[in-house]
Amino acid sequence: MLESTVGLGVMGWLAGIAYAVATQALLSGAVQRSARGLLGPADRVTLARGLLVGGVTALVADRAGETAVLVVFASVALALDFVDGQVARRTGTSSPMGARFDMEVDAFLILVLSVHVALSFGPWVLVMGALRYAFVAASWGLDWLRGALPPSYARKAVAAVQGIVLVVAASGLVPYAGVLVGLALASLIWSFGRDIVWLWRNASVSVQGVK
């Protein structure tokens, strides 16, 4: 659809294909390891969001200047984020795999949007997209970072704000968008910092072989 409407260059095609292959491989493996062994209704909504994120990825990689299409794709993907959770609860099909899938789609959309917005406001915007992946990488070496966090409305709100602010900044329609992005980044750093402190304080401690 993108090729027939706005056209895609080589980089756009390569990024889109790489995204599709990686999504297929990772999602297939996750589904096979899940209890149900198949995608539920909410997972299909998340998959639709993932396809839109793939379009955003291709447009950002192509740098074709089709800002309007990029903003529409990203906006719909963000709006559907409120749908898949409702579908999961109403159909009783919530699952750890579905929650992880939803989170990964959100994280990658923020990463791609941060790359796009960084072209206008500077490389510091990349921190918004990189923080979550840096946290995951750090957890590979620090076991206490892999602890389960308590549910938090503030955490969800901060995560939602990142995508919204990045889309607004990408649109170029709002003055002082850089200030909004800076405030959103500050809230994200606060959220990660609070969670890291909580995990540190509640980490299990081994004393003479006994936890």
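Residues numbered from 1 in each chain as written. Predicted model: local features only at pLDDT ≥ 70, side-chain atom pairs only at ≥ 80, totals over all residues. Heavy atoms only, no water.

A. A nonpolar patch on the surface, seen in detail. There is a patch of nonpolar side chains on the surface, built from Leu173, Val174, Tyr176, Val179, Leu180 and Leu183 and spanning about 660 Å² of accessible area. Tracing the backbone through its elements, the reader meets Tyr176 in the loop between α7 (153–171) and α8 (177–201). Taking relative accessible area as the criterion, Tyr176 reaches 70% and is therefore assigned exposed. (Patch = residues over 30% accessible without salt bridge, like charges linked within 9 Å, V, L, I, M, F, W, Y side chains within 5 Å. Areas by Shrake-Rupley, 256 points an atom, 1.4 Å probe, with all protein chains shown as cover. Salt bridge = Lys/Arg side-chain N within 4 Å of Asp/Glu carboxyl O. Helix = DSSP H or I, 4+ residues; strand = E, 2+ residues; numbered from the N terminus. Buried < 20%, exposed > 50% of the residue type's maximum accessible area, 1.4 Å probe, protein only.)

B. Geometry of the environment of Val45. With respect to the secondary-structure elements, Val45 resides in helix α3 (residues 41–62). Each residue touching Val45, except ones within four places of it in the same chain, is listed here: Leu80, Val83, Asp84 and Val87. (Contact = heavy atoms within 4.5 Å.)

C. Region of interest: the packing of α7 against α8. One way to put it is that α7 packs onto α8 with a least axis distance of 9 Å and a crossing angle of 155 degrees. It follows from the interaxial angle that α7 and α8 lie roughly antiparallel. Handedness of the crossing formed by α7 with α8: left-handed. Touching Ala154, Arg155, Val158, Val161, Gln162, Val165 and Ala169 of α7 are Ala177, Leu180, Val181, Ala184, Leu185, Ser187, Leu188, Trp190, Ser191, Arg194 and Asp195, all from α8. (Axes fitted to C-alpha atoms, helices over the stretch in contact; angles between N-to-C directions. Parallel < 35°, antiparallel > 145°, perpendicular 65-115°, else oblique. Left-handed = near helix turned anticlockwise from the far one by under 90°.)

D. Spatial organisation of the packing of aromatic side chains. Scanning the entire structure with this criterion turns up three aromatic pairs. Between Tyr19 and Phe108 the ring centres are 5.5 Å apart and the planes differ by 40 degrees, which places this aromatic pair in the tilted class. Here the residue Tyr19 occupies a position in helix α2 (residues 10–33), and Phe108 occupies one in helix α5 (residues 96–121), the gap between them amounting to 89 residues. Residue classification places Tyr19 among the buried positions, given a relative accessible area of 15%. The side chain of Arg132 reaches across the aromatic face of Tyr133, ending 5.6 Å from its centre. (Phe/Tyr/Trp six-rings, centres within 6.5 Å; stacked < 30°, edge-to-face > 60°. Lys NZ or Arg CZ within 6 Å of the ring centre and 35° of its normal.)

E. Summary view of the side chain of Gln162. Secondary-structure assignment places Gln162 in helix α7. Overall, the relative accessible area of 0% leaves Gln162 in the buried class.

F. A look at α7. Over its 19 residues, α7 runs 27 Å from end to end, which matches the ideal 27 Å to within 8%, given 1.5 Å per residue. Within α7, the full set of buried residues consists of Val158, Gln162, Gly163, Val165, Leu166, Val167, Ala169 and Ala170. The inward-facing, buried residues of α7 abut α4 (67–91), α5, α6 (126–141) and α8. Residue Ser152 occupies the N-cap position of α7, its side-chain oxygen lying 3.4 Å from the main-chain nitrogen of Ala154. (Expected span 1.5 Å × (residues − 1). Polar contact = N/O pair within 3.5 Å; in protein donor to acceptor, adjacent residues only side chain to side chain.)

G. Here's a closer look at the nonpolar core. By size, the foremost hydrophobic cluster in this structure holds 45 residues, and its most contacted members are Val56, Leu109, Leu113 and Met128. Of all the secondary-structure elements, those providing two or more residues to this core are α2, α3, α4, α5, α6, α7 and α8. Counting residues per element, this core draws most heavily on α5, which supplies nine residues. (Core = buried A, V, L, I, M, F, W, Y, C linked by side-chain atoms within 4.5 Å.)

H. Spotlight on the packing of α4 against α5. As a packed pair, α4 and α5 sit with axes 11 Å apart at the nearest point and diverge in direction by 155 degrees. Taken as axis vectors, α4 and α5 run roughly antiparallel relative to one another. The two elements α4 and α5 cross, and the hand of that crossing is left-handed. In contact with Leu70, Ala74, Ala77, Leu78, Asp81 and Asp84 of α4, α5 contributes Asp102, Asp106, Leu109, Leu113 and His116. Considered class by class, the residues forming the contact of α4 with α5 number six nonpolar, one polar and four charged. (Nonpolar A, V, L, I, M, F, W, Y, C, P; charged D, E, K, R; others polar.)

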